[in-house]
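Listed below, chain by chain, are the residues.
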Amino acid sequence: MMRIDKFVSSQKAELSRSMVKELCKKGLVTVNGAVCKKSDAKIDPENAQVCIDGELITYRKHIYIMLNKPQGVVCSTRDGDSPTVLSLVPDHLLRDGLFPAGRLDKDTEGFVLITDDGELAHQMLAPKSHVPKKYAVTLEKPWQENYPELFKNGIVIDGDEECLPAEFVGDTIDAHKCTLVLHEGKFHQVKRMFHALDNKVVFLKRISIGNLALDENLPLGECLEILHKDVDKLLAN
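Residues numbered from 1 in each chain as written. Predicted model: local features only at pLDDT ≥ 70, side-chain atom pairs only at ≥ 80, totals over all residues. Heavy atoms only, no water.

Caption draft 1: Representation of the pattern of salt bridges. What the rule picks out here adds up to 15 salt bridges. In this structure, the salt-bridge partner of Glu55 is Lys12, at a minimum N-O distance of 3.2 Å. With Glu55 in strand β6 (residues 55-57) and Lys12 in the loop between α1 (4-11) and α2 (17-25), the pair connects residues that are 43 residues apart, well separated along the chain. For the salt bridge of Glu161 with Lys186, the shortest nitrogen-to-oxygen distance reads 3.3 Å. (Salt bridge = Lys/Arg side-chain N within 4 Å of Asp/Glu carboxyl O. Helix = DSSP H or I, 4+ residues; strand = E, 2+ residues; numbered from the N terminus.)

Caption draft 2: Representation of unusual backbone geometry within the structure. Phi at Asp53 is positive, roughly 50°, even though this residue is not glycine. Mapping Asp53 onto the fold places it in the loop between β5 (50-52) and β6. Judged by relative accessible area, Asp53 falls into the exposed class, the value being 60%. Here the phi dihedral of Asp158 falls at roughly 55°; this positive angle occurs in a residue that is not glycine. Take Asp158: it is sitting in the loop between β11 (156-157) and β12 (161-162). In this structure Asp158 comes out as exposed when scored by relative accessible area, which is 56%. (Buried < 20%, exposed > 50% of the residue type's maximum accessible area, 1.4 Å probe, protein only.)

Caption draft 3: Up close: the environment of Glu145. Relative to the elements of secondary structure, Glu145 occurs in the loop between β10 (133-139) and α4 (147-153). On the basis of relative accessible area, Glu145 is assigned to the exposed category, the value being 78%.

Caption draft 4: Expanded view of the nonpolar core. In this structure, Ile114, Val137, Phe151, Leu180, Val190, Met193 and Phe194 are the most contacted members of the largest nonpolar core, which totals 33 residues. Residue assignment for this core shows that the elements contributing at least two residues are β7 (64-69), β9 (109-115), β10, α4, β14 (177-182), α5 (189-196) and β15 (201-209). (Core = buried A, V, L, I, M, F, W, Y, C linked by side-chain atoms within 4.5 Å.)

Caption draft 5: Region of the structure containing the sheet that holds strand β3 (residues 34-35). One open sheet accounts for four strands, arranged β3-β2-β5-β6; its pairing is antiparallel. If you trace the sheet from one side to the other, it starts and ends with β3 and β6, each paired once. Pairing analysis gives three bridges linking β5 to β6, with the strands arranged antiparallel. Residue Ile52 lies in a different strand from β6, and its bridge partner there is Glu55. Strands in contact with α1 are β2 (29-31), β5 and β6; relative to β5, the strand with the most contacts, it is inclined by about 70°. (Pairing = 2+ DSSP bridges. Contact = heavy atoms within 4.5 Å. Axes fitted to C-alpha atoms, helices over the stretch in contact; angles between N-to-C directions.)

Caption draft 6: Local environment of the pairing of β7. Buried residues dominate β7, accounting for six of its six residues. Side-chain alternation along β7 places Tyr64, Met66 and Asn68 on one buried face and Ile65, Leu67 and Lys69 on a second face that is also buried. Of the strand pairs in this sheet, β7 and β9 are connected by six bridges, and their pairing is antiparallel. Across the sheet, Met66 pairs through a bridge with Leu113, a residue of β9. Across three bridges, β7 lies against strand β17 (residues 223-225) in antiparallel orientation. Its bridge partner lying in β17, Leu67 is registered against Cys223.

Caption draft 7: View of α1. Buried residues dominate α1, accounting for six of its eight residues. Those residues of α1 that fall on the buried side of the exposure criterion are Ile4, Asp5, Phe7, Val8, Ser9 and Gln11. The secondary structure elements touched by the buried residues of α1 are β1 (2-3), α2, β2, β4 (42-43), β5 and β6.

Caption draft 8: Quick look at the state of the cysteines. Counted according to the given criterion, the structure contains zero disulfides. With no disulfide of its own, Cys178 has Cys163 as its nearest cysteine by sulfur position, at a separation of 15 Å. Considering cysteine sulfurs only, Cys75 is the nearest to Cys223, which forms no disulfide, with 11 Å between them. (Disulfide = S-S within 2.5 Å.)

Caption draft 9: View of the packing of aromatic side chains. Going through the model one piece at a time under the given rule, you end up with eight aromatic pairs. Centre to centre, the rings of Tyr147 and Phe194 are 6.2 Å apart; their planes meet at 55°, and the pair counts as tilted. One end of the pair, Tyr147, is in helix α4; the other, Phe194, is in helix α5, with 47 residues separating them in the sequence. The pair formed by Tyr147 and Phe194 is uniform in burial state, with each residue classed as buried. Between the aromatic rings of Phe151 and Phe168, the centroid separation amounts to 5.5 Å while the plane-to-plane angle is 10°, which identifies the pairing as stacked. Of the two residues, Phe151 sits in helix α4 while Phe168 sits in strand β13 (residues 167-170), which places them 17 residues apart along the sequence. Across this residue pair, the class does not change: Phe151 and Phe168 are buried. Taken together, Trp143, Tyr147, Phe151, Phe168 and Phe194 form an aromatic cluster joined through their ring pairs. (Phe/Tyr/Trp six-rings, centres within 6.5 Å; stacked < 30°, edge-to-face > 60°.)

Right, dumping it as structure tokens:
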């Protein structure tokens, strides 16, 4: 069971508990069709139909958001100098406890998962999970024929740090472009791997996590809610 004020504020970040209390006093909150005047009344969040001024509040224990992150935005909950990924979440998807599950560099674009589900984030980011992440890469120099084998065998970065095997696929039309699938998340890993091959990344975009691809129709800087039936795809190895 859950208090009405906690239920509403957990689903609608713009409504604090004190605001819900005032809405109840005004008779604007209904539970299963009946006006609820007490904000501390308890309900079954899974089954109760709660409306605020006629708007049905759909209960979701957790929320999962796909963001197509643009360059210049940091994967943090707060930053004094740059906009954060949370600043791009629209009001109707905001709720308390949201955070980015994993990071992309400030100058990297693409798929960032934003959620309030700490358990799923832990499963997704745990080193033993080896959840694949796919990147579209543009290189300063053309890729070489031996790149697929080198990545398959594990690139050594900074002289002594060995990376897990990765899958490299070169673009057959533009030799400066390729895709790379990683199964771990070292600091600046993609850039450091190509640096070890005497090449440089000039553009980087994450295009999938697990078996869930970034929606091709999602504009840079915009979000969409991931349907619960697709959440398991984030953990697919």
